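# A structural walkthrough
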Amino acid sequence: MFITLSALALRSGARTFRLFCSPSTDEKPQPSMLRHLTSKIKSTGPVTVAEYMREVLTNPVTGYYVKNNMLGPEGDFITSPEISQIFGELVGVWILSEWMGAGQPKQLQLVELGPGKGSLASDVLRVFGQLRSVLGGASVSLHLVEVSPALSRLQAQNLTGDSSQEADAEDEPVYRSGETAAGLPVSWYRRLDDVPTGFSIFVAHEFFDALPIHKFQRTEKGWREVMVDIDPDKEDQLRFVVAPSPTLSSSTLVQADESRSHVEVCAEGGVIVQQLARRIAEDGGAALIADYGHDGTKTDTFRGFKGHQLHDVLSSPGSADLTADVDFSFLRRMAESDVACLGPVTQRTFLKNMGIDSRMQVLLRNCSDPSTRKQLISSYDMLTNPSKMGERFHFFSLLHHSRLAKPKKVEGLTLEKRSPAPLPVAGFTKLKFS
Ligand code: SAH
């Protein structure tokens, strides 16, 4: 069951540690997005924050994710898989361990939602390659759900070199496909719905925080939705307003016993997590969701990032990333009728439970170059330090109910006979039985 990490080598040309790069200074105004939003608001009235966020991030022509390469030093933010190869390797070990916990099915679909540059998938596949004997004859395929054609090209370059091809027709569910150097098939989809059914392990790193949120404000007259409107004093500026009467969302998305005075609800995240849960319940598998977030306690977390700095969410829309903390309690509520939920646990806890310390020792032992050693140590610190990413990021998992089933006592036998206890779920310390 335990997979030894010493089998893995240091990735050649390890990624440079790039968090503390200077912010980019060139302000590129995106007047077309602002124009698009103001003309929409002029014709149909203020838009919900969810509609605003969806347009700004994923509009097929001018959306932030569609147009930009936002990850890295010249971009707007950096993520754990970009900081260190160890991150993706440990996720790879988690995937293998859940595949083993499920009885080593013959087919393994690895499905990643929002793969960014493809670094996490690439590190996971390297672990699969190096632990080929563990996987035996299982047939592995990679399925990437990516809304951005520009990022899909980057992912294809990283994962399949020049081998990938775009689909002939625009409405094909698989809009790009290719093969890794080791011969594993890779397919790209716009929506989770398009990914074929079958035993799958789903991974979503910093994906749910990019999905549109609704914002609601408690008022004397009850819950009201926060909307985005044009500033009456300045034609080219947007501002938040509170809807004068209830909207469909404010009447249906706020919990009856809600005690906060301001809440954010990511309805789209709820739908996606329900799809994941249903697939896992029907076809087997697991999901690993990692993101910054809270357990239904925070209020206003909507923010923008540009050039590694905080950015006003309403100014120059389309030029900055927009994000909101993930409400894990909401995801749990949406999923728990179909699957067992574990976590959230902090990134530090998860990575330590996955053996990051021994992995670091192996890498350091095999590395004599002082600058690479320094880089390894600082990236380890960035990932695990409680004041850096260690406690800001959390891991949450959806598992098939059978994975955590309590051992059954067989009735009517004098000798107590039990089915074997379930294997522990790697990375999560507290197991919740349901
Ligand atoms: N997982 C990567 C990238 C995070 S950025 C990492 O951690 O480095 C968010 C990713 O999700 C990008 O690849 C973005 O294009 C994609 N994305 C955002 N909204 C999406 C949506 N609605 N559907 C599919 N992909 C989406």
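Rules used throughout
- Per chain, residue numbering runs from 1 following the sequence as it is written.
- Selection of residues for local features in this predicted model requires a pLDDT of at least 70, selection of side-chain atom pairs for listing and counting requires 80 or more, and totals for whole chains, interfaces and linings are taken over all residues.
- Excluding hydrogens and water, the side-chain figures rest on all heavy atoms present in the structure.
- Salt bridges are defined as contacts in which a side-chain nitrogen from Lys or Arg sits within 4 Å of a carboxyl oxygen from Asp or Glu.
- Helix and strand labels come from DSSP, where a helix needs a run of H or I of at least four residues and a strand needs a run of E of at least two; each type is numbered from the N terminus.
- Any residue under 20% of the maximum accessible area for its type is buried, any over 50% is exposed, and the rest in between are partly exposed; the area is computed with a 1.4 Å probe on protein chains only.
- If even one non-hydrogen atom of a residue comes within 4 Å of a molecule or strand, that residue is called near it.
- Any pair of nitrogen or oxygen atoms within 3.5 Å is treated as a polar contact; in protein, a donor-acceptor pairing is required on top of that, and neighbouring residues in sequence qualify only through side-chain atoms on both sides.
- Using a 1.4 Å probe, the Shrake-Rupley method yields the accessible areas, and only the shown protein chains count as cover for residues.
- What a helix is expected to span follows from its residue count: subtract one and scale by 1.5 Å.
- Here an angle of 0 to 180 degrees is reported between the N-to-C directions of two axes, which are lines fitted to C-alpha atoms, with helices fitted over the stretch in contact.
- The cut-offs work like this: below 35 degrees is roughly parallel, past 145 is roughly antiparallel, 65 to 115 is roughly perpendicular, and the gaps in between are oblique.
- The handedness criterion is simple: a crossing whose near helix is rotated anticlockwise from the far helix by less than a right angle is left-handed, and one whose near helix is rotated clockwise is right-handed.
- It only takes one pair of heavy atoms within 4.5 Å for two residues to be counted as in contact.
- Under the scheme applied here, ten amino acids are nonpolar (Ala, Val, Leu, Ile, Met, Phe, Trp, Tyr, Cys and Pro), four are charged (Asp, Glu, Lys and Arg), and all others, including Gly, are polar.
- Strands qualify as paired when DSSP identifies two bridges or more between them.
- Only Phe, Tyr and Trp rings take part, Trp by its six-membered ring, and two of them pair if their centres are within 6.5 Å. Stacked means planes under 30 degrees apart, edge-to-face means over 60, and tilted covers everything else.
- Sitting over a ring, as applied to charges here, requires NZ of Lys or CZ of Arg to be within 6 Å of the ring centre and within 35 degrees of the ring normal.

Going through the model one piece at a time under the given rule, you end up with 18 salt bridges. Residue Glu-268 is joined to Arg-54 by a salt bridge in which the shortest nitrogen-to-oxygen separation is 3.3 Å. Taken together, the residues Glu-268 in helix α10 (residues 267–283) and Arg-54 in helix α2 (residues 49–58) connect sequence positions 214 residues apart. A relative accessible area of 29% places Glu-268 in the partly exposed class. Between Asp-381 and Lys-388 there is a salt bridge whose closest N-O contact spans 2.5 Å. By relative accessible area, which is 26% here, Lys-388 ends up partly exposed. Among the charged side chains, a network of salt bridges with common partners joins Glu-89, Asp-123, Arg-126 and Arg-359.

Right, let's talk about the site of the ligand for a bit. The environment of the ligand is made up of 19 residues, and the closest members are Thr-79, Gly-114, Gly-116, Glu-146 and His-205. Within the contact set of the ligand, an oxygen atom lies 2.5 Å away from a side-chain nitrogen or oxygen of Glu-146. At a separation of 3.4 Å, a nitrogen atom of the ligand approaches a polar backbone atom of Val-147. Here the ligand has 570 Å² of accessible area as a free molecule, and 95% of this is covered by the chains.

If you check α10, its first and last C-alpha atoms are 24 Å apart, about what 17 residues at 1.5 Å a residue would give, namely 24 Å. Within α10 the residues assigned to the buried category are Gly-269, Gly-270, Ile-272, Val-273, Leu-276, Ala-277, Arg-279 and Ile-280. Just downstream of α10 lies Gly-284, where phi reads positive at about 85°.

Let us now look at the packing of α10 against helix α11 (residues 328–335). Where α10 meets α11, the closest approach of the two axes is 8 Å, and the angle between their N-to-C directions is 45°. Taken as axis vectors, α10 and α11 run oblique relative to one another. For the pair α10 and α11, the sense of crossing is right-handed. Of α11, the residues touching α10 (which contributes Ala-267, Gly-269, Gly-270, Val-273, Gln-274 and Ala-277) are Phe-330, Leu-331, Met-334 and Ala-335. Partitioned by chemical class, the residues of the contact of α10 with α11 number seven nonpolar, three polar and no charged.

Mapped onto the fold, Pro-185 is located in strand β6 (residues 185–189). Using a relative accessible area of 39% as the deciding quantity, one classes Pro-185 as partly exposed. Discounting chain neighbours no more than four positions away, the residues touching Pro-185 are Val-140, Ser-141, Leu-142, Gly-178 and Glu-179.

This part covers the sheet that holds strand β14 (residues 309–311). Pairing in this open sheet of three strands is antiparallel, and the strands run β14-β13-β15 from one edge to the other. Sheet topology places β14 and β15 (321–323) at the edges, where each strand pairs with a single neighbour. Averaged over all neighbouring strand pairs, the angle between strand axes comes to 40°, with direction disregarded. Where strand β13 (residues 303–306) lies against β14, three bridges are found, and the strand directions are antiparallel. Across the sheet, Lys-306 pairs through a bridge with Gln-309, a residue of β14.

Before going further, it helps to spend a moment on the packing of aromatic side chains. A ring pair, where both rings are aromatic, is described by two values, the distance of the centres and the angle of the planes. For the structure shown, the criterion picks out seven aromatic pairs. With 6.0 Å between their ring centres and 50° between their planes, Phe-87 and Phe-395 make a pair best called tilted. Linking Phe-87 in helix α5 (residues 85–101) with Phe-395 in strand β18 (residues 393–399), this pair joins segments that are 308 residues apart in sequence. Measuring from centroid to centroid gives 5.4 Å for Phe-207 and Phe-208, while their planes differ by 85°, and the two rings are edge-to-face. For Phe-207, a relative accessible area of 14% corresponds to the buried category. Aromatic rings pair up to connect Phe-87, Phe-350, Phe-395 and Phe-428 into one cluster. Across the ring face of Tyr-292, the terminal group of Arg-303 is positioned such that the distance to the ring centre comes to 4.8 Å.

Spatial relationships are all this shows, so hold off on functional conclusions.
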